[in-house]
Amino acid sequence: MTLSGWVVMILSVGFVTSMLVWCIYLVMKEPEATERLHAQDEIDTRDTE
Amino acid sequence: MNQKKEVWATRIGVILAVTGSAVGLGNFLRFPGKAAQYEGGAFMIPYFIALFLLGLPIAWTEWAMGRYGGARGFNSLPGIFRVAWHNKLSPYLGVLGLLVPVAIYMYYIYIEAWCLGYAWKFATGSMSLGTDKSQYAEFFTRYVGLNAHGSAFGFSGGSWSDSVLPSLLFCFVVNFIIIYRGLSRGIEMFCKWAMPALIACAFIVLVRVLTLGTPDPAKPDQNVSNGLGFMWNLGWGGKSVWQSLANSQMWLEAAGQIFFSLSVGFGIISCYASYLKPKDDIALSSLTACSGNEFCEVALGGLITVPAAFVFLGAVGVIEATRSTFNLGFMTLPMIFNTMPLGQFVGAVFFFLLFLAALTSSISMLQPAIALLEEGLGLGRRASVAVLGFITACGTGFVVYFSKDAVALDTFDFWVGSVCIYILATIQVILFGWAIGVERGHKEIQRGAEIRIPKFIMYIIKYVSPVYLLAVFVLWLFQTAGSYARKIASDPVVAGSVGFMFLILIFFLLLIAQSVRRWNKLHPLTKETGQ
């Protein structure tokens, strides 16, 4: 395996792994939507009148 | 809708369900094969460009369209299109969101059954066919009935119990049990254990492959390091990276790989996202699901398949094996597993992982049609599952019966599994980018978002993605459609397969017509529902 091969492999595998870890971290950091309490002004009643 | 609306129980559940839908055989067989064919490392450049210009924007589009429709009470693509674009024709454009997953399911479950059958045979030791590849080719031909029509059913001298049918029946029943249990108790619960199990299986196989060293001391060049090099090195045969990148076919294949791998254009993501709550995040969830798929493809698939094949077959053997996904997966790899130490165990784990990948995908293909039967005709879960079970059983029976040279499977895969997917993805992107528009579209993606999606992504969705998609589609069609079109005239089974797909299309169009009548009565479009 050449140096360029190592670079491409580490960049590709490292990029997708880092992206996944970062996304999972952000997802886990936030509480489940069902557990969140919404303020009055966050509630969309879909009432346009 | 009259029935109580189903919702995902947890956020991680929907992410795993979408990831499971995307992760399939292509991640572990097609991607490494394509990368090996197109100078390994160089392939990754157009691959990642396609991910950012095509894959991620279309995925966000599908998630946003789905949640948009779901907030207005619709879970099927015809219903979602109806509220996204106020036009009498719009629900009918969504017919491909039913035809594509259902028709793909009809042959995909057949392939799923091969994976389960191979896993079982490895686990029970009945897959030890030696080191001669022709034995595996002969077994595969007999097992899936490639030698004659009807042979998978035992009609042409084959034995029923020796064939793929027991696995197929098992897969069919498991799929419909999961679907019958519903969204959160069925699909979500299953994906929550299946996806971690799949990744655990992949790690077991990965560790075995990376510790193979140099299995044959007489061939010192055939080692893991060179196997990885074969997959990832830049510049083969004295070619520079620029020479490799000048190959337009590589760009086409890379875009196609991203497109099919992320399962965009199936209508499944929109259906799944429609069960979200109106202010649930989609920006981060979509990115997480895409990242999960990419991790399975690049970090797991990219390190397993080609290096394993290389250490036993060498460069020439890998090039020959990667010309066909079925050849690589069901003839070459089984022989390789039987050659390596602990191969029986690793083979069972590898095919079980393929089975899980296929199962998490196939269950997702049933949900869009179930959604239409429920919300369009007002059927209950049991009746919807029964109707869809009958339709898909007929289709799968057709594909399995006409198994000689996998002609029916190949025809379904080309016309629905490729052509219709491109068309549906283009429709979705154009609807989102042009009918919903940049401002509303961006607002829709950003609603409840936990990461900020830059506005220029909307311009990519509006201008770049459709052009990129159409360019890839036209080029690909130009290269492949001629031979498939000619086969319709020359081969009655191909003509019959196309006719069968046409019948399903008509059936779904009639179903949509009936649904639209019902929706117009129960849920007439107002400015609000379509806003």
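Residues numbered from 1 in each chain as written. Chains lettered and ligands numbered in written order. Predicted model: local features only at pLDDT ≥ 70, side-chain atom pairs only at ≥ 80, totals over all residues.

### Concerning the overall build of chain B
Across its full length, chain B carries 21 helices and zero strands. Against the globule reference of 24 Å for 531 residues, chain B gives a C-alpha radius of gyration of 23 Å, in line with a compact fold. In terms of overall dimensions, chain B has a C-alpha envelope of 75 × 55 × 45 Å along the principal axes. Residue burial in chain B is summarised as follows: out of 531 residues, 56% are buried. Contacts in chain B between residues far apart in sequence, at least 24 positions, make up 82% of those at least 6 positions apart. (Helix = DSSP H or I, 4+ residues; strand = E, 2+ residues; numbered from the N terminus. Rg over C-alpha atoms; globule rule 2.2 N^0.38 Å. Buried ≥ 20, exposed ≤ 12 C-beta atoms within 10 Å, placed from the backbone. Contact = placed C-beta atoms within 7 Å.)

### Side note on the interface of chain B and chain A
Counting from both sides, the interface comprises 30 residues of chain B and, opposite them, 23 residues of chain A. Those elements that provide at least two residues to the side of chain B that touches chain A are helix 1 (11-22), helix 10 (224-232) and helix 14 (283-321) of chain B. Here the element with the most residues in the side of chain B that touches chain A is helix 14 of chain B; it accounts for nine residues. Partitioning the side of chain B that touches chain A into residue classes produces 13 nonpolar, ten polar and seven charged. (Nonpolar A, V, L, I, M, F, W, Y, C, P; charged D, E, K, R; others polar.)

### Examining the packing of helix 18 (residues 407-436) of chain B against helix 21 (residues 492-522) of chain B
Residues and elements named next belong to chain B. Relative orientation of the contacting elements helix 18 and helix 21 amounts to 50 degrees, with a least axis distance of 9 Å. The pairing of helix 18 with helix 21 is recorded here as oblique in orientation. When you trace helix 18 past helix 21, the crossing you get is right-handed. On the side of helix 18, the interface is formed by Val-407, Ala-408, Thr-411, Phe-412, Trp-415 and Val-416, while helix 21 contributes Val-493, Val-494, Ser-497, Val-498 and Met-501. (Axes fitted to C-alpha atoms, helices over the stretch in contact; angles between N-to-C directions. Parallel < 35°, antiparallel > 145°, perpendicular 65-115°, else oblique. Left-handed = near helix turned anticlockwise from the far one by under 90°.)

### Digging into the confidence of the model for chain B
The predicted model of chain B averages 91 in pLDDT, with 97% of residues at 70 or higher. Predicted as a complex, the structure gets a pTM of 0.91 and an ipTM equal to 0.90. (pLDDT = per-residue confidence, 0-100.)

### Here we look at helix 14 of chain B
Residues and elements named next belong to chain B. In this model helix 14 runs just 39 Å from its N-terminal to its C-terminal C-alpha over 39 residues, more than 12% under the 57 Å that 1.5 Å per residue would give. The principal kink in helix 14, of about 120 degrees, is found at Gly-314. The element helix 14 is extensively covered by neighbouring structure, given that 33 of its 39 residues are classed as buried. (Expected span 1.5 Å × (residues − 1). Bend = angle between axes of the 7 residues up to and from the residue.)

### Section: the environment of Arg-440 of chain B
Looking at the element boundaries, Arg-440 of chain B is found in helix 19 (residues 438-446). Each C-alpha atom, one on Arg-440 of chain B and one on Met-458 of chain B, is 9.9 Å from the other, the two residues being 18 residues apart in sequence.

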